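# Structure at a glance
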Amino acid sequence: MIAFVARRLLLLIPVLLGVTVVTFTLTRIIPGNPIDLMVSPLADAETRARIAENAGLNDPLWEQYARYIWGVANGDFGDSFVTSQPVLDDLTSRFMPTFELTLFAMLLAIILAVPLGIASAVWRGTWIDHVSRLLAVFGVAMPVFWVSLVAIYVFFFLLHWLPAPQGRISVIVAPPDAITGLFVVDSLLTGNWPALRSSFQSILMPACVLAFAAMAPLARMTRSSMIEALESDYTRAARAMGLPERSVVFRHALRNAVLPVITMIAIVYGYLLGGVVLVENVFAWPGLGRYVYNAIASSDYPALQGFILYSTTVYVLLFLFVDILYVLLDPRVRI
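Not measured: the values here are computed from a predicted model.

About the thresholds
Residues numbered from 1 in each chain as written. Predicted model: local features only at pLDDT ≥ 70, side-chain atom pairs only at ≥ 80, totals over all residues. Heavy atoms only, no water. Phe/Tyr/Trp six-rings, centres within 6.5 Å; stacked < 30°, edge-to-face > 60°. Helix = DSSP H or I, 4+ residues; strand = E, 2+ residues; numbered from the N terminus. Buried < 20%, exposed > 50% of the residue type's maximum accessible area, 1.4 Å probe, protein only. Lys NZ or Arg CZ within 6 Å of the ring centre and 35° of its normal. Polar contact = N/O pair within 3.5 Å; in protein donor to acceptor, adjacent residues only side chain to side chain. Contact = heavy atoms within 4.5 Å. Salt bridge = Lys/Arg side-chain N within 4 Å of Asp/Glu carboxyl O. Axes fitted to C-alpha atoms, helices over the stretch in contact; angles between N-to-C directions. Parallel < 35°, antiparallel > 145°, perpendicular 65-115°, else oblique. Left-handed = near helix turned anticlockwise from the far one by under 90°.

### Looking at the packing of aromatic side chains
A full pass over the atoms with the stated rule returns 8 aromatic pairs. Summarising the aromatic geometry, the rings of F307 and Y310 are spaced 6.0 Å apart at their centres and angled 45 degrees between planes, so their arrangement reads as tilted. Note that F307 and Y310 are positioned in helix α13 (residues 301–329) at a spacing of 3 residues, about one turn of the helix. What makes F307 buried here is its relative accessible area of 8%. In textbook terms, an aromatic cluster arises when at least three aromatic residues are bridged by ring pairs, as seen for F95, F99, F307 and Y310. Here the basic side chain of R168 rests over the ring of F183, its NZ or CZ set 3.8 Å away from the ring centre.

This is the structure in structure tokens:
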């Protein structure tokens, strides 16, 4: 296991190197000039040229890339053109809000999608199956930004059940003492009930929007895997031996159907990292998604490159974790 993990971590190096080449090239062709953010609109051409020279934007691309790679190797992702802060510090300060949002959304999607997929497979052809497939189609077809706007209009404007999109917590409520960086968890640990109520209400709507988009592929994968497992020879043999249907479904079929579902969870989490960009911007969530949205709009090369490098690292490490789970759950992989 240690050798397997070590090999996968070594393979992470060429993957990230290839990602830096692609992102460095693509960020240079984004429309917009970052110098416009760094100087006054009334600045003359000489001032603009001097600032571009100081920022290294006039150097050949290969020289800019070599300087960027050397900085990344030493833990320096450069300074953001917008915030004028080190990109690594910006990413670190905004990581926990995004992690909290995606974690709650992923847990909610798993809690809803997996049982729904199991029920759809067990009672195939019934109204439960039809509702499950209908929800899956809606979840895939509707863009997250449109669902976000509809949710705000219904639950805030019409029903007044949830607060306005104002970030992680209400502006009139003090944040809880930092322990984990997750406002809901920290509020529970410190017994700060006003902060718990405000943070939970604030995260509920964006988390549900992301979960609705994430549960669609999870429910479909769970359904198809369970149908295949329920129609296999070993489940027929289990039924023939007189085992209870509950044991057949959960002990035999589900254990074999869960492996592709785990892979889909990893894929969907990568989708959440992309979908969170729009959701955070709509709900004014102070996380990485909103940060990279502003970076794209402002042609902030260092911030955009840092975010993509972070996302790639998280994605690759997540699939490494899934491979380790495969080894632990499936004896055939170990053999």
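The rest of the description comes next.
### Describing the environment of W161
Mapped onto the secondary structure, W161 falls in the loop between α7 (144–158) and α8 (183–190). On a C-alpha basis, the gap between W161 and A213 in space is 22 Å, while along the polypeptide they are 52 residues apart.

### Quick look at the side chain of S120
With respect to the helices, strands and loops of the structure, S120 is situated in helix α5 (residues 87–122). In this structure the side chain of S120 is engaged in a polar contact, spanning 3.0 Å, whose partner is the side chain of R223. Leaving out residues up to four positions away in the same chain, S120 has contacts with I128, D129, S132 and R223.

### A short note on the pattern of salt bridges
Once their charged atoms are close, side chains differing in charge can pair, the charge on each being opposite to the other. Using the criterion set out here, one finds 8 salt bridges in the structure. A salt bridge links E63 to R67; the nearest nitrogen and oxygen atoms lie 4.0 Å apart. Of this pair, E63 and R67 are both found in helix α4 (residues 61–73), 4 residues apart, which corresponds to roughly one turn of the helix. Measuring nitrogen to oxygen at the nearest pair gives 3.2 Å for the salt bridge that ties R236 to D233. Taken together, the residues span about one helical turn, with R236 and D233 both in helix α10 (residues 233–240) at a distance of 3 residues. Under the relative-accessibility criterion, R236 is labelled partly exposed at 47%. Judged by relative accessible area, D233 falls into the exposed class, the value being 60%. Taken together, the salt bridges that share partners define one network made up of D129, R133 and R223.

### Points about the packing of α5 against helix α6 (residues 127–141)
Look at α5 against α6: their axes get within 8 Å of each other, and the N-to-C directions meet at 135 degrees. Taken together, α5 and α6 sit at an angle that is classed as oblique. Handedness of the α5/α6 crossing: left-handed. For the pair α5 and α6, the contacting residues are L116, A119 and S120 in the first and I128, D129, S132 and L135 in the second.

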